[in-house]
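Structure at a glance
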Amino acid sequence: MDLKNLPPAMVSQLANMVEDYVTSSRKKYASQALPLTDEQRTAMQPFFSPAVLDSARLCVLRGTRVSNPSMYAMAKMMGIRNLPDFAAMTAITFVDVIVSYQEFTDALLFHELVHVAQYAQMDMKEFAARFVNGFIQSGSYEEVPLEKMAHALEDRFSNNTTQVFSVDDEVRQWRAANAQ
Ligand SMILES: [Zn+2]
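Residues numbered from 1 in each chain as written. Predicted model: local features only at pLDDT ≥ 70, side-chain atom pairs only at ≥ 80, totals over all residues. Heavy atoms only, no water.

1. Some details on the coordination of the zinc ion
Here the zinc ion is held by the protein donor atoms His111 (NE2), His115 (NE2), Glu147 (OE) and Glu147 (OE), which lie 2.1 to 2.6 Å from it. The motif formed by the donor residues of the zinc ion, counted along the single chain, is H-x3-H-x31-E. Within this pair, whereas His111 is found in helix 5 (residues 106-121), its partner Glu147 is found in helix 7 (residues 145-159), the two being separated by 36 residues in sequence. Across the pair, exposure class does not vary: His111 and Glu147 are buried alike. (Donors = N, O, S within 2.8 Å, 3.2 Å for Na, K, Ca; no water. Helix = DSSP H or I, 4+ residues; strand = E, 2+ residues; numbered from the N terminus. Buried < 20%, exposed > 50% of the residue type's maximum accessible area, 1.4 Å probe, protein only.)

2. As for the nonpolar core
With 62 residues, the main nonpolar core has Met44, Phe48, Val66, Phe110, Leu113 and Val167 as its most contacted residues. The dominant element in this core, judged by the number of residues it contributes, is helix 5, at 8 residues. Ignoring sequence-local partners within four residues, the contact set of Leu113 consists of Leu36, Met44, Phe48, Val52, Leu53, Ala56 and Ile98. (Core = buried A, V, L, I, M, F, W, Y, C linked by side-chain atoms within 4.5 Å. Contact = heavy atoms within 4.5 Å.)

3. Some details on the packing of aromatic side chains
Considering all chains together, one arrives at 13 aromatic pairs under this definition. Residues Tyr21 and Phe86 carry aromatic rings whose centres are separated by 5.4 Å and whose planes lie at 55° to one another, so their mutual orientation is tilted. Remark: Phe86 occurs in the loop between helix 4 (72-77) and strand 2 (91-94) and Tyr21 occurs in helix 1 (residues 8-30); sequence separation between them is 65 residues. Given the relative accessible area of 12%, Tyr21 is considered buried. By relative accessible area, which is 10% here, Phe86 ends up buried. Judged by centre distance (5.9 Å) and plane angle (80°), the rings of Tyr21 and Phe94 are edge-to-face. Separated by 73 residues along the polypeptide, Tyr21 in helix 1 and Phe94 in strand 2 bring together distant segments of the chain. A single burial state applies to Tyr21 and to Phe94, both of which are buried. Across the ring face of Tyr101, the terminal group of Arg65 is positioned such that the distance to the ring centre comes to 3.9 Å. (Phe/Tyr/Trp six-rings, centres within 6.5 Å; stacked < 30°, edge-to-face > 60°. Lys NZ or Arg CZ within 6 Å of the ring centre and 35° of its normal.)

4. Points about the packing of helix 5 against helix 7
One way to put it is that helix 5 packs onto helix 7 with a least axis distance of 9 Å and a crossing angle of 140°. Here helix 5 lies oblique to helix 7, going by the angle between them. Taken as a pair, helix 5 and helix 7 cross one another with a handedness that is right-handed. Between helix 5 and helix 7, the contacting residues are Asp106, Ala107, Phe110, His111, Val114, His115 and Gln118 on the first element and Leu146, Glu147, Met149, Ala150, His151, Leu153, Glu154, Phe157 and Ser158 on the second. Class assignment for the residues of the contact of helix 5 with helix 7 results in 8 nonpolar, 5 polar and 3 charged. (Axes fitted to C-alpha atoms, helices over the stretch in contact; angles between N-to-C directions. Parallel < 35°, antiparallel > 145°, perpendicular 65-115°, else oblique. Left-handed = near helix turned anticlockwise from the far one by under 90°. Nonpolar A, V, L, I, M, F, W, Y, C, P; charged D, E, K, R; others polar.)

5. A look at the sheet that holds strand 1 (residues 57-60)
Pairing is mixed in the open sheet, where 3 strands are placed in the order 1-3-2. Lying at the two open borders of the sheet, with one neighbouring strand each, are strand 1 and strand 2. The average undirected angle you get between the axes of adjacent strands in this sheet is 20°. Relative to strand 3 (residues 97-100), strand 1 runs parallel, the two sharing 4 bridges. Across the sheet, Cys59 pairs through a bridge with Val99, a residue of strand 3. Sheet contacts for helix 1: strand 1, strand 2 and strand 3; angle to strand 2, the most-contacted strand, approximately 105°. The sheet contacts of helix 5 involve strand 1, strand 2 and strand 3, and relative to strand 2 the element is tilted by about 20°. (Pairing = 2+ DSSP bridges.)

Set out below in structure tokens:
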């Protein structure tokens, strides 16, 4: 089945399930997550707004992994392949709670904070809809536009950490240029 032909009702149902997954995962990990250290904050400050830096919480998971959404069973039945395995990722951001399987490098933290900034400008509904639609259109997690933006900005940061830019502005411009 070509995913692009999925009925809109089914797409919005998938987006609702992503929303539930993000909300419950955020709740699950929020209690064990901590604010940025002073050192992390200093490194990220030139690129992110105080609101993003104040709200972000970090959690390094040891000996356990984030489970995949229960909706995967249904998504697979619908013929959706290539679903991202959350246990195999480096880190995952649930709104403002960042869960990582390794210690945070500046590049990793930067990437995940881009997602925090994306969530901050969209409500959960819009974020989930953009993610699901991006996945359906591209057929892979890496090609979802929200993910590509995070990678591109992370590269920009890593290539030259003294070349300052505003992630909030980047997200705002991207959103204005990519109306839903
Ligand atoms: Zn990402």
